[in-house]
Amino acid sequence: MNVWKALGLAGMAGVAATGALVVRSERKRRAYAPEEVRDRLHQRFAAISAEPEPVAAPPLSRGKQLLRKLRFSRAH
């Protein structure tokens, strides 16, 4: 049997297996009722909104930005 033929058959088997996995996961996803999906989304949103927002650092001045770039370029 030709090596390329064997590789082609292996590739086709891989594509078929991947397609089967995608169909299976899609079937699981569609098994949820709309109310279940809505409840899960509300739970996720509540968990995210309960976390405090990170405090953003003030922007660096132009001089500090240049100094940081110079330090980085000297190191390498």
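Not measured: the values here are computed from a predicted model. (Residues numbered from 1 in each chain as written. Predicted model: local features only at pLDDT ≥ 70, side-chain atom pairs only at ≥ 80, totals over all residues. Heavy atoms only, no water.)

Engineer: Outline the overall build of the chain, listing residues and values.
Structural biologist: When helices and strands are tallied, the chain shows 3 helices and 0 strands. The helix and strand sequence of the chain, counted from the amino end, reads α-α-α. What you see for the chain is a C-alpha radius of gyration of 27 Å, clearly larger than the 11 Å of a compact globule of 76 residues, by over 25%. In terms of its C-alpha atoms, the chain occupies a principal-axis envelope of roughly 65 × 50 × 15 Å. The 76 residues of the chain split such that 0% are buried. As displayed, the chain offers around 7,600 Å² of accessible surface, 64% of which is attributable to carbon and sulfur atoms. For the chain, the distance from the average position of its 15 positive side-chain charges to the average position of its 6 negative side-chain charges is 18 Å. (Helix = DSSP H or I, 4+ residues; strand = E, 2+ residues; numbered from the N terminus. Rg over C-alpha atoms; globule rule 2.2 N^0.38 Å. Buried < 20%, exposed > 50% of the residue type's maximum accessible area, 1.4 Å probe, protein only. Areas by Shrake-Rupley, 256 points an atom, 1.4 Å probe, with all protein chains shown as cover. Lys, Arg positive; Asp, Glu negative; His and termini not counted. Charge placed at Lys NZ, Arg CZ, Asp CG, Glu CD.)

Engineer: Kindly report on the layout of surface pockets, identifying the contributing residues and their values.
Structural biologist: In this structure, the largest pocket encloses a volume near 150 Å³. Surrounding the largest pocket, Arg 29, Arg 30, Tyr 32, Val 37, Arg 40, Leu 41 and Arg 44 form its lining. Among the elements of the structure, α1 (3-30) and α2 (34-50) are those that each provide at least two residues to the lining of the largest pocket. (1 Å grid on protein atoms, 1.4 Å probe; cavity = no way out; pocket = protein on both sides within 12 Å on 5 of 7 lines; lining within 4 Å. Points joined across faces, edges and corners; volume = space filled by probe spheres on them.)

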